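# Observations on chain architecture
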Amino acid sequence: MVRRVAVIGAGVGGLVSVKCCLDEGLEPTCFERSEDIGGLWRYTDFVDGGRVSVYRSVITNTSKEMSCFSDFPCPEDFPNYLPHSLLLEYFRMYAWHFNLLRHIRFKTTVLSVRKHPDFATSGQWEVVTETNGIQESHIFDAVMVCTGHFQEPYLPLASYPGIETRFRGRYLHSREYRDMEAFRGKRVLIIGLGNTGGDLSVELSRVAAKVFLSTRSSTWVLSRVSDHGFPFDMVNTTRFNHFLDWLLPSALTKRIRFWKFNSWFNHTNYGLASTKSSNFKLIINEELPFCLLSGTVVLKPNVKEFTESSALFEDGTTEDNIDVVLFATGYIFPFPFLEESVRSLFDDNRSLYKRIFPPQLERPTLAIIGLVQLTGSVMVGAEMQARWVTGVFAGWNKLPPASKMMADVLKKKPPVKRNPSERVNLKMSFISYTDEIASCAGVKPSVLRLLMTDPRLALAIFFGPCTPYQYRLVGRGKWSGARGAILTQWQRTLKPLRTRVVDDSSNGSGGWRWMCLLALPLALTASFLLSKSPRLGWSPWAGPQL
């Protein structure tokens, strides 16, 4: 019987895990090595020991309505995309509202997590921590590891001959980047075109003498601002679009999306991507296309080698007088505190049952929370994982036998070539994965049932954005405010924009009513078909990430 739960880390995953433990009547103790909550999102002006944090200018890539906790909406006056300071403020509001801080031990480092000698029968863990130089040993019935996948910088120096032996300039990982002042007047080469590489190239283009951006894969660039100025994820991450992904041939869906991506600008002309690309990724960046168009950022292929002051590229070109090389090459997650017998059970999250549980353990009392990269907000995914896991610990949710869990893992683990940058293995469809975990937890909403009892809500769920509130309509943890939050989500989206109101007397309410009536049979048919098929939709975001 699980009662005492150790939660490692007080970032997003740690906060929701503590809250979910309390919801299930468990007794959580959260260990956080720094002096505050927020994890990755707590910015500091300096690199704080081994802690990874965002850089000064970061703004979220997912909107507030798609990223908030499922029973705690963001304040309506918050902007749709949050700078790190406002997101951290939101975390503080959440922790205060649910009285979470009293369960967190700050400035406490977890040194080791080992199986108790009678683990096979008890499932207990020995956790050794250190606070102010004093070590302490604890016994817990279960452990939730909430350190995420931004743990240790991945710096592939061996893949770039000359960077350590010949190059006389400076090189660093993006983890060390705080702001642009140190790069003023420099010629900077950024290696890696993920979201971080794109952000830093744009920011440095304002002060650097020249910015070169090196990438070895095709990249599609999207904007946070979508149709009619609404947030991109609220327009595109819908159950209706998910149904179309399921219904249409994947080749056709892919073709349509490539066409839409190119409707903003032709990616082939910019050297970013081609519709013939089979290996691609997507990033969010409104300013990068203009930087490329204006020449303040120059796109380059992969680096072949470095000399004393130059970078030689695989296409035979050379860029001279490089002052700084900035690696935006992602992170790895070694989990150094886990004993080797446990750590060796998974090399990435595909070795975990539902990306959470090591299936080989005799007792399912270890859960890895947040080690997944979704096409939407990882905050929502981490909360859903925590809800299911704590339900398992409390005995409400049951796991299948180990043999079935292993079979599920092997079925979903394709034989791809291992990339040392572990994040390439983590990309998953937001709706597919969140629905899968919600089904395990018994909290997935039924559009078909709602069409019969609450058609207005059903249409909002099916055609509108798949916001986290949908997972608080039914089952354990049902929230009475979920329906209202769903039906008012567009009001909260528009609220921070109403700082200057202009008159628009056009009224399309009659047309909207007719659209709702026509949509009813489509939603009914789609929900019925999806309920009868296990097939998951293809996601345009499923390309590898660097």
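In short, a report on the structure. (Residues numbered from 1 in each chain as written. Predicted model: local features only at pLDDT ≥ 70, side-chain atom pairs only at ≥ 80, totals over all residues. Heavy atoms only, no water.)

Helix α15 (residues 455-463) packs onto helix α7 (residues 239-247) with a crossing angle of 60° between their chain directions and a minimal axis gap of 5 Å. What the angle tells us is that α7 and α15 run oblique. Contacts between α7 and α15 involve R239, F240 and F243 on the former and, on the latter, I461, F462 and F463. Among the residues forming the contact of α7 with α15, the class breakdown is 5 nonpolar, no polar and 1 charged. (Axes fitted to C-alpha atoms, helices over the stretch in contact; angles between N-to-C directions. Helix = DSSP H or I, 4+ residues; strand = E, 2+ residues; numbered from the N terminus. Parallel < 35°, antiparallel > 145°, perpendicular 65-115°, else oblique. Contact = heavy atoms within 4.5 Å. Nonpolar A, V, L, I, M, F, W, Y, C, P; charged D, E, K, R; others polar.)

Consider a sheet: its strands pair through backbone hydrogen bonds, and that pairing is either parallel or antiparallel. In spatial order, the strands read β9-β18-β10-β11-β14; together these 5 strands make up an open sheet with parallel pairing. Two strands in the sheet have a free side with no partner beyond their single neighbour: β9 (170-173) and β14 (297-300). Across the sheet, the axes of successive neighbouring strands diverge by a mean angle of 20°, strand direction being ignored. Strands β10 (187-191), β11 (210-214), β14 and β18 (324-327) of the sheet are contacted by helix α5 (residues 195-204), whose axis makes an angle of about 170° with β10. (Pairing = 2+ DSSP bridges.)

Spatially, β3-β2-β1-β7-β20 is the arrangement adopted by the 5 strands of the open sheet, whose pairing is parallel. Whereas interior strands pair on both sides, the edge strands pair on one side only; in this sheet they are β3 (104-105) and β20 (366-368). Here 2 bridges tie strand β2 (residues 27-31) to β3, and the two strands are oriented parallel to one another. Bridging across to β3, C30 finds its partner in I104. Together, β1 (4-8), β7 (142-145) and β20 form the strand contacts of helix α11 (residues 378-394), whose direction differs from that of β7 by roughly 175°.

It is worth spelling out the pattern of salt bridges at this point. All told, the structure shown has 27 salt bridges when counted by the stated rule. A salt bridge links K300 to E319; the shortest N-O distance between them is 3.3 Å. Of this pair, K300 sits in strand β14 while E319 sits in strand β17 (residues 318-319), placing them 19 residues apart in sequence. Residue classification places K300 among the buried positions, given a relative accessible area of 9%. Here E436 and K354 are joined by a salt bridge, their closest N and O atoms 2.7 Å apart. Linking E436 in helix α13 (residues 430-441) with K354 in the loop between α10 (340-343) and β20, this pair joins segments that are 82 residues apart in sequence. On the basis of relative accessible area, E436 is assigned to the buried category, the value being 17%. Classification of K354 as buried rests on a relative accessible area of 11%. Each member of the salt-bridge network shares a partner with another, and the members are K19, D23, D71, E383 and R472. (Salt bridge = Lys/Arg side-chain N within 4 Å of Asp/Glu carboxyl O. Buried < 20%, exposed > 50% of the residue type's maximum accessible area, 1.4 Å probe, protein only.)

This paragraph deals with the nonpolar core. Core analysis: the biggest nonpolar cluster contains 104 residues, and Y90, F91, M144 and F393 have the highest contact counts within it. Residue contributions to this core peak at 9 residues, all from α11. Counting only domains with at least three residues in this core, you end up with domain 1 (4-151 + 333-412) and domain 2 (156-329). In this structure, F91 is in contact with V12, L15, I37, G38, W41, F69 and M379, ignoring residues within four places of it in sequence. Within the second largest apolar cluster, 22 residues are counted, among which are I8, V113, F119 and L371. (Core = buried A, V, L, I, M, F, W, Y, C linked by side-chain atoms within 4.5 Å. Domains from an automatic or database assignment.)

So, about the packing of aromatic side chains. Here a ring pair, both rings aromatic, is described through the centre-centre distance and the interplanar angle of the planes. All told, the structure shown has 32 aromatic pairs when counted by the stated rule. With 5.8 Å between their ring centres and 25° between their planes, F243 and W246 make a pair best called stacked. Linking F243 with W246, this pair stays in helix α7, spanning 3 residues, or about one helical turn. A cation sits over an aromatic face here: R4 above F140, 4.4 Å from the ring centre. When the ring centre of F313 is taken as origin, the NZ or CZ atom of K300, which lies over that ring, is 4.9 Å away. (Phe/Tyr/Trp six-rings, centres within 6.5 Å; stacked < 30°, edge-to-face > 60°. Lys NZ or Arg CZ within 6 Å of the ring centre and 35° of its normal.)

Let us look at the packing of helix α1 (residues 12-23) against α11. Where α1 contacts α11, the axes come no closer than 9 Å and their chain directions differ by 35°. The interaxial crossing formed by α1 with α11 has right-handed handedness. Of α11, the residues touching α1 (which contributes V12, G13, V16, S17, C20 and C21) are M379, A382, E383, A386, R387 and T390. In terms of residue class, the contact of α1 with α11 is built from 7 nonpolar, 3 polar and 2 charged. (Left-handed = near helix turned anticlockwise from the far one by under 90°.)

So, on to α13. Helical geometry note: an α-helix holds 3.6 residues per turn, so side chains three or four residues apart project in the same direction. The terminal C-alpha atoms of α13 lie 16 Å apart, and with 12 residues this matches the ideal 16 Å at 1.5 Å per residue to within 8%. Most of α13 is tucked away: 10 of the 12 residues are buried. Looking at α13, one finds that the buried residues are F430, I431, S432, Y433, T434, D435, E436, I437, A438 and A441. Residues of α13 that are buried in the fold lie against α7, β21 (373-374), α11, α12 (402-412) and β22 (427-428). Positive backbone phi, at 75°, marks G442, one or two positions downstream of α13. (Expected span 1.5 Å × (residues − 1).)

What follows covers the environment of D179. Mapped onto the fold, D179 is located in the loop between β9 and β10. Look at D179 and you get partly exposed, because its relative accessible area is 23%. As a C-alpha pair, D179 and Y55 span 124 residues in sequence and 6.6 Å in three-dimensional space. When neighbours within four sequence positions are excluded, D179 is seen to be in contact with R56 and E203. A polar contact is formed between the side chain of D179 and the side chain of R56, at a distance of 3.0 Å. (Polar contact = N/O pair within 3.5 Å; in protein donor to acceptor, adjacent residues only side chain to side chain.)

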